[in-house]
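Residues per chain, in single letters:
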Amino acid sequence: MKLVLIGCPGAGKGTQAKVLSEHFHLAHISTGDLLRDQVKSGTPLGLKLKTIMESGGLVSDEIVSQLLRQRIAEDDCKNGYILDGYPRNVSQAEGLDDIVGSLDKVVLIEVPDEAIIERMSGRRSCPVCGAMYHVKNNPPKTEGVCDKCGGGLVARSDDNPETVKHRLDVFHSQTAPVIDYYDKKGLVLKIDGTKDIDVISGELIEILEKL
Ligand code: AMP
């Protein structure tokens, strides 16, 4: 199965991708994570990416598409994969047709903008194992400590309110047209992203199991 998850920043794409990838044994490919790995490597390319990502803008299509092609060629993608954060504009969507051929579904997780800023300011993640938390909606058992591996939780540098607002603008101007692109192909499945995490996962699993 090949899925794309679309939603504005903070809609819950990463959280749902994790659940779905475990349930359906699919690779979870987050282009944001692939880019953050490059930033961590400290190379000149990584430094350039860091500046773009901290501003909330989009990295060039060439760089992201190349990272995606390399990732999809890895062994764990043979059974299928979930793309989280790609495509972000129509040109990437057109490029994706060449990279993957046909998709099974494009899941759109809908959350109104007003809910996003509050949601993202409380978002925390574990830099060691990648687990995600929210200080109010999904807190760890001990404040600031990952339940799974004991790592110290951190906020993403692009989750501050000003950058989030810019990322939402980028979503509406560049990524929203991708929804129309896939709607015309009859691939879009819309999900209410304001519901509880488990409820959303349950609904998605039920629908996707019937594909
Ligand atoms: P994310 O973790 O998906 O919210 O992505 C974090 C940041 O990485 C975004 O704000 C962009 O700067 C960059 N990024 C992630 N995916 C893409 C993409 N498909 N195209 C361009 N930039 C991307």
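Worth saying up front: this structure is predicted, and the values here are computed from it rather than measured.

As a further point, take the packing of aromatic side chains. Each aromatic ring pair is characterised by the separation of its centres together with the angle its planes make. A full pass over the atoms with the stated rule returns one aromatic pair. On the basis of an interplanar angle of 80 degrees and a centroid distance of 5.2 Å, the ring pair of Tyr181 and Tyr182 is categorised as edge-to-face. Across this residue pair, the class does not change: Tyr181 and Tyr182 are buried.

Next up on the list: the site of the ligand. Of all residues adjacent to the ligand, which total 16 residues, the nearest are Thr31, Arg36, Gly57, Gly85 and Gln92. At 3.2 Å from an oxygen atom of the ligand is found a side-chain nitrogen or oxygen belonging to Arg156. A distance of 3.0 Å is found between an oxygen atom of the ligand and a side-chain nitrogen or oxygen belonging to Arg167. Notes on the ligand: free accessible area 480 Å², of which the protein chains cover 97%. Per-element tally for the shell around the ligand: the top contributor is helix α2 (residues 31-41), with four residues. Per-class residue counts for the shell around the ligand are six nonpolar, five polar and five charged.

Rules behind the numbers
Residues numbered from 1 in each chain as written. Predicted model: local features only at pLDDT ≥ 70, side-chain atom pairs only at ≥ 80, totals over all residues. Heavy atoms only, no water. Phe/Tyr/Trp six-rings, centres within 6.5 Å; stacked < 30°, edge-to-face > 60°. Buried < 20%, exposed > 50% of the residue type's maximum accessible area, 1.4 Å probe, protein only. Near = heavy atom within 4 Å. Polar contact = N/O pair within 3.5 Å; in protein donor to acceptor, adjacent residues only side chain to side chain. Areas by Shrake-Rupley, 256 points an atom, 1.4 Å probe, with all protein chains shown as cover. Helix = DSSP H or I, 4+ residues; strand = E, 2+ residues; numbered from the N terminus. Nonpolar A, V, L, I, M, F, W, Y, C, P; charged D, E, K, R; others polar.

Remember, this is a structural readout, not a statement about activity or role.
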